Every structure is written in structure tokens, then in C-alpha cells.
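Fold and geometry: a report
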Amino acid sequence: MHVRRLKCMRCGAHHEPNDHIYVCSCHGPDGILDVEYDYAAISASCRREELQDGQGMWRYRPLLPLRADTPVPPLRVGATPLIQADRLAAELGLHRLWVKDEGVQPTGSLKDRASAMAVAKAREVGAEIICTASTGNAAAALAGLCASDGLPCVIFVPESAPPAKVAQMLAYGATVLLVEGDYDQAFDLCLQAADHFAWYNRNTAFNPYMAEGKKTVSLEICEQRGWQAPDVVMVSVGDGCILAGVHKGLSDLLALGWIDKMPRLLGVQAAGSNYLAEAWARGEDVNDKTAICPGTVADSLSVGLPRDRLKAMRAIERTGGAFVQVDDEAILQAIPTLARLTGIFAEPAGAAVVAGLKVAASQGLVTADDDIVIINTGNGLKDVGSARRSVTLAGDSAYMVAADLSAVEALGLAGAGGAK
Ligand SMILES: *Cc1c(COP(=O)(O)O)cnc(C)c1O
Ligand SMILES: [Zn+2]
């Protein structure tokens with residue numbers, strides 16, 4: 001393993017990567033750690049042409065914080081498609097647009113990358129139980145990855161979590177606690193419980209390795225493009241851990257010389273859960289900006305105090321990027337837009353990136369010359385209620401017909417009449 005040390009995002013103190021450290025000893029849960037690598041050692045041990053085939057995200061193991069003998073869970077995570085989206089590009093007045101589709105991950109969201117890493121790290125330290133707080137997808141991912149590896153898990157979700165996600169966790173055999181409160185309260189309760197019962201804690205932006213799992217999405221994007229970095233990468237943002245991971249992967253590749261430029265990163269937030277976008281617009285310091293009261297149809301983005309706010313702001317600042325905001329109606333409209341123009345069916349938090357790209361284009365944050373990658377973070381089947389609202393909003397509904405051909409004929413569908 002090529003981890004050099006862990007660095008506190010708040011005070012810059014360095015820590016040794018031992019089995020029991022999550023956060024900076026001086027700063028507690030606010031002292032999120034960044035994993036630093038020995039890039040010279042990585043370069044000496046592996047060239048980009050020598051990455052091993054197979055097993056999805058573990059292809060990038062030389063760039064990951066795992067010991068050589070650590071087993072990884074068997075469920076295959078990663079190796080998701082990067083799809084050229086010409087019709088969606090044309091709709092938005094753009095020319096070069098790609099969608100990285102994380103909706104096809106085994107549990108249906110990008111969170112599988114982090115949860116797979118959590119299970120591997122838990123095995124490394126010999127943990128017997130893993131826990132996490134989640135708005136839904138991180139927990140569903142942990143439940144699935146734990147099930148594949150025969151490891152028990154305890155899940156803390158807000159009671160408002162979409163029923164499909166809760167059903168998914170229960171089907172995988174997870175112990176699910178519906179917390180009477182919001183995600184932020186579930187997060188704090190999970191921290192206390194993990195400490196009290198000595199469970200391995202997967203909490204986003206508390207466990208420093210989650211962004212390391214998520215960074216594999218950037219590694220894949222660049223490799224799928226023949227190691228040509230795009231001009232822009234855009235993703236939706238709740239806690240900010242995906243954005244941080246996307247940035248980390250690109251930073252690693254740049255440090256190794258595997259890509260030759262850093263893309264601009266654009267983060268999309270729901271207008272009703274806009275802590276980071278607001279801080280960005282107002283130039284506020286996220287070290288002491290207080291929590292907001294979130295509310296959005298995109299449950300995966302509903303966060304009062306983004307736990308990975310320091311890394312998320314760093315990603316935007318260091319890459320010349322920006323945040324944009326989109327309201328719930330735009331998010332819902334984006335579900336059928338993305339589905340019809342690409343065949344990708346996304347949950348609201350995933351489709352939000354399409355709404356965000358539209359805003360970014362209108363604000364001149366991207367132009368027709370830019371080579372752009374957007375990430376769909378989650379599958380539409382995760383939240384069928386929102387999908388139904390989105391098609392109703394688009395004015396579309398199914399036809400009721402009698403079980404009789406004349407009833408179909410009476411609809412006057414396109415192409416009818418010509419056929420024999
Ligand atoms: C978790 C999640 C996000 C946001 O990721 P953060 O790391 O919380 O910023 C976006 N979309 C989906 C589908 C998610 O599950
Ligand atoms: Zn610190």
C-alpha cells in the first residue's frame with residue numbers, strides 16, 4: 001500500500017494511518033482526513049498500461065489505500081459505462097457530452113464504490129460489524145456489499161428515506177434503524193453508536209477512505225477516454241464526498257502524469273439543500289458556516305451540514321470550478337429529459353446534474369467547445385414516486401384501453417393505418 005499519511009483538512013496535522021484512526025485527534029468529526037500517497041512509489045510499481053483486467057474498481061488497486069493481502073468483497077463494483085450523449089448535447093446547445101452511468105452499479109448508485117472500500121477496510125482491521133448513517137443509497141450499498149461478503153451491518157437512516165431504498169436494505173439482511181429525525185441527526189447517532197459498540201464506521205466524510213473508493217469513478221472516466229481528461233466534470237452534491245472523490249481521482253492521475261490537465265469541476269446542488277452553493281456564491285467560510293434546514297425532492301442531496309464541505313470547496317476552488325443550484329421542478333423535468341435522450345433512467349439526485357448542466361450552459365460556465373462529462377449518480381428505480389411525478393409534470397400518462405384491437409385503433413397512434 002502506498003499511503004504516506006493522513007492529513008487533517010482543518011489544521012494540516014499529519015497522522016499515521018493505523019487501524020483505529022478516522023478523524024484528526026485535535027478536531028474530532030470536524031477534522032476530516034485526506035489520504036496522501038507516495039506517488040513516486042506508485043509510479044515505480046505500476047504504469048497505466050499495466051493495470052490488471054477484471055474486478056471493476058479493484059483494477060486501480062495500486063492507487064487505493066489497501067494492504068496487499070486485504071480481501072475485497074465479491075460483488076463486482078465499477079466498470080460502469082461512459083456513454084456519448086449527442087442528442088442530449090444538442091438539446092443543451094453543446095457538442096461534446098458524455099454521461100458516466102453509475103445507475104448500473106450492483107445496488108444502483110455510485111455509493112457502491114465507497115461501500116466496497118468500507119467492507120474491505122473493515123476486513124483489514126478485523127471488524128465484525130459495520131455501521132453507517134445515510135440518506136438511503138450509502139446504506140443500500142453497504143447492505144449489498146456486506147451481504148456479498150457475509151458481514152453484518154447496522155444502518156441509520158432518516159425516517160423519511162424512500163421506501164424502495166429501505167426495502168432494498170432489508171432484503172439484503174441489514175439491521176435498519178429509522179431515526180426519528182433528519183439525516184444530520186442519523187449521522188450523529190451513528191457516530192455515538194459506533195463509538196459505544198466498537199462497530200466499524202462507514203459514515204461519509206468521517207471515514208477517510210470513502211472518498212478514496214469514490215475516486216475510482218474518475219480513474220475509470222479518464223481511462224475510458226484513453227487517458228484524455230475532459231474539460232469539465234459535473235456531479236450533484238449533498239455531503240460533497242462524491243465531488244471530493246472525483247477531485248481526488250483526477251489529482252492522483254495528474255500527480256502520476258497519467259493525465260495532463262485538471263478538468264474544471266462543477267457541483268450541482270438542489271436549491272432547497274444549497275449549503276455549499278450558497279457558501280460559494282457568498283464567499284462564506286465553511287469552517288464556521290452553520291447548518292441549513294434542507295428540503296428537496298432529491299433525497300440523496302438533502303443535507304443540512306455537508307460533512308465533506310472542506311474537501312468539496314477545495315475541489316471547486318482548486319479547479320476553477322463553480323456550484324450551480326437547481327429547483328425541484330427542474331430536477332423532476334430532467335428525469336424524462338435524460339431518459340428520452342440517452343436511455344438512462346435516473347433518480348432525482350442523478351437527473352439533477354442534467355438540470356445543472358442546463359443552468360451552467362445558460363450562465364456561460366460551460367460552452368459548446370467544452371468536452372464535458374456528467375455523472376449520473378443513481379438509478380431511477382430507487383425512487384419511483386418521483387419518477388411518476390416527473391412524467392405527470394411532462395404531461396405524459398398511460399392510455400387506458402379495453403383488451404380489444406379496436407380500442408387501440410381508436411387511439412389514432414402514429415403509424416397506425418399504414419400497417420397491414
Ligand atoms: C449520495 C448521493 C449524491 C451526493 O453525494 P455526496 O457525496 O453526498 O455529495 C448524489 N446522488 C446520489 C444518487 C447519491 O446517492
Ligand atoms: Zn486537525
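Up top is the structure.
Keep in mind that what you see is a predicted model, and the values were worked out from it rather than measured.

All right, on to the coordination of the zinc ion (ligand 2) then. The protein atoms that coordinate the zinc ion (ligand 2) are Cys-8 (SG), Cys-11 (SG), Cys-24 (SG) and His-27 (ND1), at distances spanning 2.2 to 2.4 Å. The site at the zinc ion (ligand 2) holds four donor atoms, and with the angles between them running 104 to 118 degrees, its shape is tetrahedral. One chain supplies every donor for the zinc ion (ligand 2), spaced along it as C-x2-C-x12-C-x2-H. Of the two residues, Cys-8 is situated in strand S1 (residues 3-8) and His-27 in the loop between strand S2 (14-15) and strand S3 (33-37); the sequence distance between them amounts to 19 residues. Here Cys-8 falls in the buried class, since its relative accessible area comes to 3%. Judged by relative accessible area, which is 29%, His-27 ranks as partly exposed.

Our next topic: the pairing of strand S13 (residues 371-376). By the criterion of burial, S13 is predominantly enclosed, with six of the six residues buried. Taking every second residue as pointing to the same face, both faces of S13 are buried, with Asp-371, Val-373 and Ile-375 on one and Ile-372, Ile-374 and Asn-376 on the other. Looking at chain direction, strand S5 (residues 96-101) and S13 are connected through six bridges and run parallel. Across the sheet, residue Val-99 finds its bridge partner in S13, namely Ile-374. When strand S10 (residues 232-236) meets S13, the two strands line up parallel, connected through three bridges.

Let's shift gears to the pattern of salt bridges. Here the structure, examined in full by the defined rule, presents 30 salt bridges. The residue Lys-261 makes a salt bridge to Asp-231 at a minimum N-O spacing of 2.7 Å. Here the residue Lys-261 occupies a position in the loop between helix H9 (241-256) and strand S11 (264-270), and Asp-231 occupies one in the loop between helix H8 (216-224) and S10, the gap between them amounting to 30 residues. With relative accessibility at 33%, the residue Lys-261 sits in the partly exposed group. Among the charged side chains, a network of salt bridges with common partners joins Asp-34, Glu-212, Lys-215, Lys-248, Asp-252 and Arg-314.

With that settled, consider the site of ligand 1. As a structural note, the neighbourhood of ligand 1 is formed by 16 residues, with Lys-111, Gly-238, Asp-239, Gly-240 and Thr-377 the closest of them. Take Gly-238: an N or O atom from its main chain is 2.7 Å from an oxygen atom of ligand 1. In this structure, Ile-242 approaches ligand 1 through a main-chain N or O atom, which is 2.8 Å from an oxygen atom. For ligand 1, the protein covers 98% of the area, taking 380 Å² as the surface of the free molecule. Its residues placed into classes, the shell around ligand 1 shows five nonpolar, seven polar and four charged.

What follows concerns the packing of helix H12 (residues 328-342) against helix H13 (residues 348-362). Where H12 contacts H13, the two axes come as close as 7 Å, and the packing angle between them is 90 degrees. It follows that H12 is roughly perpendicular to H13 by the angle criterion. For the pair formed by H12 and H13, the contact residues are Ala-330, Ile-331, Ala-334, Ile-335, Thr-337 and Leu-338 on the first element and Pro-348, Ala-351, Ala-352, Val-354 and Ala-355 on the second. When the residues that make up the contact of H12 with H13 are grouped by side-chain class, the tally is ten nonpolar, one polar and no charged.

On to unusual backbone geometry, then. The phi dihedral of Ala-79 falls on the positive side, at around 55 degrees, and the residue is not glycine. With respect to the secondary-structure elements, Ala-79 resides in the loop between helix H1 (39-45) and strand S4 (82-84). Since its relative accessible area comes to 40%, Ala-79 is described here as partly exposed. One non-glycine residue with positive phi stands out, namely Ala-205, at about 65 degrees. Relative to the helices and strands, Ala-205 resides in the loop between strand S9 (200-201) and helix H7 (210-214).

Moving on to the sheet that holds S9. Taking strand neighbours across the sheet as the criterion, the four strands line up as S8-S7-S6-S9 in an open arrangement whose pairing is parallel. The sheet is open, and its two borders are formed by strand S8 (175-179) and S9, each paired with just one other strand. The pairing of strand S7 (residues 153-158) with S8 spans five bridges and is classified as parallel. Across the sheet, Phe-156 pairs through a bridge with Leu-177, a residue of S8.

Attention shifts here to H9. An ideal rise of 1.5 Å per residue puts 22 Å on 16 residues; H9 measures up with 22 Å between its terminal C-alpha atoms. Extensive coverage of H9 is indicated by the burial of 13 of its 16 residues. Positioned one or two residues after H9, Gly-257 has a phi angle of 75 degrees, which is positive.

Right, let's talk about the packing of aromatic side chains for a bit. Each aromatic ring pair is summarised here by two numbers: the centre-to-centre distance and the angle between the ring planes. Under the counting rule described, the total for this entry stands at seven aromatic pairs. A centroid spacing of 5.8 Å and a plane angle of 50 degrees characterise the contact between Tyr-22 and Tyr-200, whose relative ring orientation is tilted. Of this pair, Tyr-22 sits in the loop between S2 and S3 while Tyr-200 sits in strand S9; the two residues are 178 residues apart in sequence, bridging distant segments of the chain. With a relative accessible area of 18%, Tyr-22 lands in the buried category. Here a set of aromatic residues connected by ring pairs shows up, and it is made of Tyr-22, Tyr-200 and Phe-206. The ring of Tyr-209 has Lys-121 sitting right over it, with the charged end atom 4.2 Å from the ring centre. One Lys or Arg, Arg-307, reaches over the ring of Phe-187 and ends 3.8 Å from the middle of that ring.

So, how was this worked out
- Residues numbered from 1 in each chain as written.
- Chains lettered and ligands numbered in written order.
- Predicted model: local features only at pLDDT ≥ 70, side-chain atom pairs only at ≥ 80, totals over all residues.
- Heavy atoms only, no water.
- Donors = N, O, S within 2.8 Å, 3.2 Å for Na, K, Ca; no water.
- Tetrahedral: all angles 85-135°; square planar, octahedral: opposite > 155°, others 65-115°.
- Helix = DSSP H or I, 4+ residues; strand = E, 2+ residues; numbered from the N terminus.
- Buried < 20%, exposed > 50% of the residue type's maximum accessible area, 1.4 Å probe, protein only.
- Pairing = 2+ DSSP bridges.
- Salt bridge = Lys/Arg side-chain N within 4 Å of Asp/Glu carboxyl O.
- Near = heavy atom within 4 Å.
- Polar contact = N/O pair within 3.5 Å; in protein donor to acceptor, adjacent residues only side chain to side chain.
- Areas by Shrake-Rupley, 256 points an atom, 1.4 Å probe, with all protein chains shown as cover.
- Nonpolar A, V, L, I, M, F, W, Y, C, P; charged D, E, K, R; others polar.
- Axes fitted to C-alpha atoms, helices over the stretch in contact; angles between N-to-C directions.
- Parallel < 35°, antiparallel > 145°, perpendicular 65-115°, else oblique.
- Contact = heavy atoms within 4.5 Å.
- Expected span 1.5 Å × (residues − 1).
- Phe/Tyr/Trp six-rings, centres within 6.5 Å; stacked < 30°, edge-to-face > 60°.
- Lys NZ or Arg CZ within 6 Å of the ring centre and 35° of its normal.

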